[in-house]
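If you want the building blocks of each chain, they are given just below.
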Amino acid sequence: MQLACRCDKDWNGYISSVANTLVIVESPTKARTIRGFLPKDFRVEASMGHVRDLPNNASEIPAAQKGQKWANLGVNTTADFEPLYVVPKEKKKVVKELKAALKEADQLLLATDEDREGESISWHLLQLLAPKVPVKRMVFHEITKEAIAKALDQPRDLDMELVHAQETRRILDRLVGYTLSPLLWKKVAWGLSAGRVQSVAVRLLVQRERARRAFRSGSYWDLKAKLEKGGGQFEAKLTSLAGQKIATGSDFDETTGDLKAGRNVRLLGESDALTLSESVRSSQWRVEAVEEKPTVRKPVPPFTTSTLQQEANRKLRFSARETMRCAQGLYERGFITYMRTDSVHLSEQAIQAARSCVGSRYGDDYLSKTPRQFSTKSRNAQEAHEAIRPAGESFRSPSESGLEGRDMALYELIWKRTVASQMAEARLTMLAVDLRVADAKFRATGKRIDFPGFFRAYVEGSDDPDAALEGQEVLLPNLAVDDSPTLQDVEALGHQTQPPARYSEASLVKMLEKEGIGRPSTYASIIGTIVDRGYAALQNNSLTPSFTAFAVTALLEEHFPDLVDTSFTARMEFTLDEISTGKVQWLPYLEGFYKGEKGLESQVQQREGDIDSSVSRTVDLEGLPCVVRIGRFGAYLEAKRVGDDGEEESLKATLPQEITPADLDAEKAELILKQKADGPESIGEDPETGDQVYLLFGQYGPYVQRGQVGEDNPKPKRASLPKGKKPDELSLDEALGLLRLPRLLGEHPDGGRIQAGLGRFGPYVVWDKSKGEKDYRSLKAEDDVLAVGLSRALELLAMPKRGRGGRTALKDLGIPDGSEEKVQVFDGPYGLYVKQGKLNASLPEGKGVDDISLDVAVELLAAKALSKKTSRRKKSTSTTSKKTAASKPKTRKPPATTKTGRLRASAVRVIKPGEV
């Protein structure tokens, strides 16, 4: 396959001499930003991401390939893994517009992102548009005037090794996903998916949950003393008794709850600790040793894709998806450099800009003596040149950026970390004092910050550096050997060892990167898919795997162990990286992975018959009086019992979604099965109606119900328990309160009623204005729907309402005449848009927030509503036509010839300068 690409000898001179230049980028936001830095006769268009891809479903397969066995896979594995690329329906208009723009152009610049995916998008554009004008690749890692000017001066050819690496990755992911997913549909449950990186990530979650389930808690006691010397108070903890170390949490075996074998420690029980606490009260305390150890802390490197996701999750509670979406917007609007990178390197320009910020804001004392540069230690390096940093040769301070909300928070995080990288080290002194009392030894520890250095700008895990400094510094009074501090109090403390923590998004990203699995730029979509497919739920910033995740992981571990092995997957990633540098040929690698006796295709065919569906749908958990199975509607318990007729029968009960695999024990299982067998147990009577109130467990968690289901009461009143409310702590009064929601709080000063209620998205307050117009606000974690009052409701209603995805309206245009819903302006992933109710309409190119009036917005929304109706009418007509055509005899047509954009083993040939 050859790539039609004409290049002249002096491209730079050619750019300046040709009037009509078409520049193609991925998004409208990026197009708007870059347009301001290009000559006026340059036209910038957006491809809206990928313009073509492998088919997602049968309807996208061209007629000529529909009968082929490989067509659903989208890759012809019998013909050099030829991919079947199609233009999705939603991209056809974009492609048509790009082709029309190209007809008016005398040259084409492809300015997609500077990474493998960006290179691949450019290649697809060339294949699809088939330009007959000179073509060049324009790359930059930040959208500033200087970077764009440099990119124009230094265009390059398409890098086919990067294209090969990205296309091989895409084909490989399709082979794994489309080969294993149908197997999971048959053997576990419909709609599940498998993935080269996704399945390994799910297994990591399951392994951690298994460890939590196997965990056995151990208990131990120690003492904490409060002492005083010279007016200064400090605390000390018991460390040893009669020369023997006191047991701590690290001395316990997680699987037995007992002390680990071979540990020479003393385990204190409650009575021992209480006796010892009384003993030391009447004894003299003496300082036995004082140690001061100076130490230095160096600033951490600037952000990479992975570390940005981790720190944004820890500090800002952003999901990986939110972080990448927000960072993409900041990059496209020219605030930060390219956000998909494994590099911690900073350019000279960036170092000087950061050092200038340090000098002006913190003073020269806080500046590192020499410019500080960092080197990448990641297993796999991505192509971007720099770390993520503020864009430009001088950094805009967060307060001068004009950003708000999430954008502001993320930009400030990036700004602080970049600036801190050029600051002086923090100097600290670690303090330790050993104290003797009778035959017990205590230790007091502290920390003195002698010079905060980079801590003034950035402290990992804290939003407020000043508060973090105060929290980090633990001072001890001046103590010397043989001093006798005075005991103020001593307390015996009991402790329970804790199970291994579940993965948060941050810790999962860190583990995936550590193991060399996948690319950091794909972690957000991988975690999103895991949650969307029901393999895990995100609760309190922790990823909790489902019973379905356990079933799928067990099947893959038994029958396809390599595909969920971290080492095997990491080697695959390394090979894909070597394809990008030309060290490995992509076609032989795909042949070896998919074909042959040990290839994935053969493995699936051989093992499909060996997999028993009833076994693969069963989750093997020890210690239960029943089994857990995966059904069409989720996980359920199944137990055998003897019925009233003496025959053995199967009892099944749905598992509430809130019960996790680690938390399901015999007691909970028996309670759920008993309720299913005997019916719900009443928790009391409603004095108003005389009906019994029941606590039940459903698929979506516990709920209360007034009365039983019957002919006279087919739909009894029900109410879910608020999030965090434990069923065993629910009182009758609380249950009655939930069943009587919504409750009236009072009148709004501007008219209309205010109520509190509980909906599918949690507790809320609502202002019922008039004519059906209602204004909702969710209650915060600290609010109780049964106790919230009118004043608090008014406070919440006064807060600005956030749109879908947490977006805040940029401008409120008002309510049009004859309407009941307001029109607002928002900024989304594809640029500015106006919104009224559920209807959105993009703003015209070049229009800003201040350019849009209510009348203009109404016109845009009306046009969008009309286009939707027309689209539905066309679809209806098309369906009718198809039905009519189905009754007519079919006439066989000769097969149509289509271009598939085949990627062959031989590299695409780009015509070199001088050949034309």
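This section reports on the structure supplied with the text. Because the structure is a prediction, the values reported are computed rather than measured.

## Digging into the packing of helix α7 (residues 198-214) against helix α16 (residues 547-559)
Argument step 1. In the contact formed by α7 and α16, the axes pass within 9 Å of each other and the chain directions differ by 110°. Relative to α16, the element α7 is oriented roughly perpendicular. Crossing hand, α7 versus α16: left-handed. Of the residues in α16, those touching α7 at S199, V202, R203, V206, E209 and R210 are A549, F550, T553, A554, L556 and E557.
Argument step 2. Split by residue class, the contact of α7 with α16 holds 6 nonpolar, 2 polar and 4 charged.

## Observations concerning the environment of L543
Argument step 1. Within the secondary structure, L543 sits in strand β16 (residues 542-545).
Argument step 2. Here L543 falls in the buried class, since its relative accessible area comes to 2%.
Argument step 3. For the pair formed by L543 and S507, sequence separation is 36 residues and the distance between their alpha carbons is 10.0 Å.
Argument step 4. Apart from the residues within four sequence positions on either side, L543 is in contact with L205, R502, Y503, S504, E505, L508, I527, V531, A536, A537 and L538.

## A closer look at helix α10 (residues 320-332)
Argument step 1. Helix length check: α10, at 13 residues, gives a terminal C-alpha distance of 18 Å against a target of 18 Å (1.5 Å per residue), a fit within 8%.
Argument step 2. Burial analysis of α10 places 10 of its 13 residues in the buried class, which makes it a mostly covered element.
Argument step 3. Next to the buried residues of α10 lie α2 (28-35), α9 (305-316), α12 (405-420), α14 (505-515) and α15 (523-532).
Argument step 4. Phi turns positive one or two residues past the end of α10, at G334, with a value near 85°.

## Side note on unusual backbone geometry
Excluding glycine, residues mostly have negative phi values, and the peptide bonds linking residues are mostly trans.
Argument step 1. P742 follows L741 through a cis peptide bond whose omega is 0°.
Argument step 2. Along the chain, P742 falls in the loop between α22 (732-739) and β25 (743-747).
Argument step 3. One non-glycine residue, A242, adopts positive backbone phi at about 55°.
Argument step 4. Relative to the elements of secondary structure, A242 occurs in the loop between β8 (232-241) and β9 (244-246).
Argument step 5. Given a relative accessible area of 55%, A242 falls into the exposed group.
Argument step 6. We note that N541 has phi near 65°; this positive angle belongs to a residue other than glycine.
Argument step 7. Within the secondary structure layout, N541 lies in the loop between β15 (536-539) and β16.

## As for the sheet that holds strand β21 (residues 682-685)
Argument step 1. Taking strand neighbours across the sheet as the criterion, the 4 strands line up as β21-β22-β23-β24 in an open arrangement whose pairing is antiparallel. Whereas interior strands pair on both sides, the edge strands pair on one side only; in this sheet they are β21 and β24 (718-720). Adjacent strand axes in the sheet meet at a mean angle of 25°, parallel and antiparallel pairs treated alike.
Argument step 2. In the sheet, strand β22 (residues 692-698) pairs with strand β23 (residues 701-706) via 6 bridges, with the strands oriented antiparallel. Counterpart to L696 in the pairing with β23 is Y703.
Argument step 3. Here α22 sits on the sheet in contact with β21, β22, β23 and β24, set at roughly 80° to β23.

## As for the sheet that holds strand β20 (residues 648-654)
Argument step 1. Across the sheet, which stays open at both edges, the 4 strands sit in the order β17-β18-β19-β20 with antiparallel pairing between neighbours. Only two strands of the sheet have a single partner each, and these edge strands are β17 (618-619) and β20.
Argument step 2. Strands β19 (634-642) and β20 of the sheet are contacted by helix α21 (residues 666-678), whose axis makes an angle of about 110° with β20.

The rules behind these values
- Residues numbered from 1 in each chain as written.
- Predicted model: local features only at pLDDT ≥ 70, side-chain atom pairs only at ≥ 80, totals over all residues.
- Heavy atoms only, no water.
- Axes fitted to C-alpha atoms, helices over the stretch in contact; angles between N-to-C directions.
- Helix = DSSP H or I, 4+ residues; strand = E, 2+ residues; numbered from the N terminus.
- Parallel < 35°, antiparallel > 145°, perpendicular 65-115°, else oblique.
- Left-handed = near helix turned anticlockwise from the far one by under 90°.
- Contact = heavy atoms within 4.5 Å.
- Nonpolar A, V, L, I, M, F, W, Y, C, P; charged D, E, K, R; others polar.
- Buried < 20%, exposed > 50% of the residue type's maximum accessible area, 1.4 Å probe, protein only.
- Expected span 1.5 Å × (residues − 1).
- Pairing = 2+ DSSP bridges.

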